Amino acid sequence: TRASLDAILDAHGVQRTGRVIPHGRSPEAYPLGTKEPFIFTAGRLWDEAMALDVLDACARSVKWPILAAGPRTILGRPIRRATAHLRLLGEIEPEQTAAQMSRASLYVLLTRYEPFGQSALEAALAGCALVLADLDSLREVWGDSAVYVSPDDPVALGRQLSALIDDSQARENLAQRARDRALTLTSSRMVSAYRATYHELLTARRESHSITGTGNGSTIAA
């Protein structure tokens, strides 16, 4: 995202141009399924950036269960405390993640830092309504196709989830907007953008290393 690029350049004190190539996914890998009354999230559960404690606190107050998939250990060491209210699935295969997304009605990505949010893209393709952390990068990708909450406010998260649980029409409308947006972020579009970028870079490199002679019009590649 542009937000991530700007943050990197600012952190390193660098002034230069850059190009943003959004991630892409193939819709075929994330089929729509019959939606069920539960909330899903996935990610590195050991990472402090993922607000697992906030999700756990919120899970106590909402009607639907919150299922969380992902590793809780790093280098074989558990580094996150036990959760009291989340249903932890552990680390599951990509196909299993896609299956959970196809069944989940809501997908939550609650993180304190996120450069793009690939899991939100996958969930949107699978027809989930998105509730995302209020970050510039996520707003850049999803605009009005998601709702946003502070990653440090379990009360606000609980209110937002409860509102969508109680209003099926609003939930379905939000899911449709998210899927429409996700369908523009295809893997083929991503690949084409990378190919075009590499072509431009290689062309510029060849030109910068070429010396055109004035006598006979020959070109010498350095």
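Residues numbered from 1 in each chain as written. Predicted model: local features only at pLDDT ≥ 70, side-chain atom pairs only at ≥ 80, totals over all residues. Heavy atoms only, no water.

**A few points about the overall build of the chain**
No. 1: On a plain count of helices and strands, the chain comes out with 8 helices and 10 strands.
No. 2: The C-alpha atoms of the chain give a radius of gyration of 22 Å, which is well past the 17 Å a tight globule of 222 residues would have.
No. 3: Within the chain, contacts between residues separated by at least 24 positions form 67% of all contacts whose residues are at least 6 apart in sequence.
No. 4: For the chain, the computed accessible surface area is about 12300 Å², with 52% contributed by carbon and sulfur atoms. (Helix = DSSP H or I, 4+ residues; strand = E, 2+ residues; numbered from the N terminus. Rg over C-alpha atoms; globule rule 2.2 N^0.38 Å. Contact = heavy atoms within 4.5 Å. Areas by Shrake-Rupley, 256 points an atom, 1.4 Å probe, with all protein chains shown as cover.)

**Description of the nonpolar core**
No. 1: Counting residues in hydrophobic clusters, the biggest one holds 58 residues, and the most contacted among them are Leu130, Trp142, Leu157 and Leu161.
No. 2: Dropping the residues within four chain positions of it, Leu161 is found in contact with Ile39, Cys58, Val62, Ile66, Leu106, Val108 and Val131. (Core = buried A, V, L, I, M, F, W, Y, C linked by side-chain atoms within 4.5 Å. Buried < 20%, exposed > 50% of the residue type's maximum accessible area, 1.4 Å probe, protein only.)

**Notes on the packing of aromatic side chains**
No. 1: Considering all chains together, one arrives at 2 aromatic pairs under this definition.
No. 2: The interplanar angle of 55° and the centroid separation of 6.1 Å between the aromatic rings of Phe40 and Tyr107 together place this pair among those described as tilted. Taken together, the residues Phe40 in strand E1 (residues 36-42) and Tyr107 in strand E6 (residues 104-109) connect sequence positions 67 residues apart.
No. 3: We classify Tyr107 as buried; its relative accessible area is 0%.
No. 4: Centre to centre, the rings of Tyr194 and Tyr198 are 6.3 Å apart; their planes meet at 25°, and the pair counts as stacked. Taken together, the positions of Tyr194 and Tyr198, both in helix H8 (residues 187-208) and 4 residues apart, correspond to about one turn of that helix. (Phe/Tyr/Trp six-rings, centres within 6.5 Å; stacked < 30°, edge-to-face > 60°.)

**Re helix H4 (residues 118-125)**
No. 1: In terms of burial, H4 is a largely internal element, 7 of the 8 residues being buried.
No. 2: The set of residues buried in H4 consists of Ser119, Ala120, Leu121, Glu122, Ala123, Ala124 and Leu125.
No. 3: Buried residues along H4 sit in contact with E1, helix H3 (94-103), E6, strand E7 (129-133), helix H5 (136-142) and helix H7 (168-182).

**Focus on the packing of helix H2 (residues 52-59) against helix H6 (residues 154-166)**
No. 1: With their axes 9 Å apart at the nearest point, H2 and H6 run at an angle of 55° to one another. Between H2 and H6, the angle falls in the class oblique. Where H2 crosses over H6, the two elements pack in a sense that is right-handed. Of the residues in H6, those touching H2 at Val54, Leu55, Ala57 and Cys58 are Pro154, Leu157, Gly158 and Leu161. (Axes fitted to C-alpha atoms, helices over the stretch in contact; angles between N-to-C directions. Parallel < 35°, antiparallel > 145°, perpendicular 65-115°, else oblique. Left-handed = near helix turned anticlockwise from the far one by under 90°.)

**As for the pairing of E7**
No. 1: Across the 5 residues of E7, 5 count as buried, placing the element largely inside the fold.
No. 2: Pairing of E6 with E7, which is carried by 4 bridges, proceeds in the parallel orientation. Bridge pairing in E7 places Val108 opposite Val131.
No. 3: After leaving E6, the chain enters H4 and then returns to the sheet as E7, a path that is right-handed.
No. 4: The handedness of the E7 to strand E8 (residues 147-149) crossover, carried by H5, is right-handed. (Pairing = 2+ DSSP bridges. Right-handed = clockwise from strand over helix to strand, strands pointing away.)

**Overview of a nonpolar patch on the surface**
No. 1: Together, Tyr194, Tyr198, Leu201 and Leu202 make up a nonpolar patch on the protein surface, roughly 430 Å² of accessible area in all.
No. 2: Take Leu202: it is sitting in helix H8. (Patch = residues over 30% accessible without salt bridge, like charges linked within 9 Å, V, L, I, M, F, W, Y side chains within 5 Å. Salt bridge = Lys/Arg side-chain N within 4 Å of Asp/Glu carboxyl O.)

**Points about the pattern of salt bridges**
No. 1: The tally for this structure, following the rule as stated, stands at 9 salt bridges.
No. 2: Overlapping salt bridges bring together Asp53, Arg112 and Asp152 as one network.

Nothing here speaks to function; it is geometry throughout.
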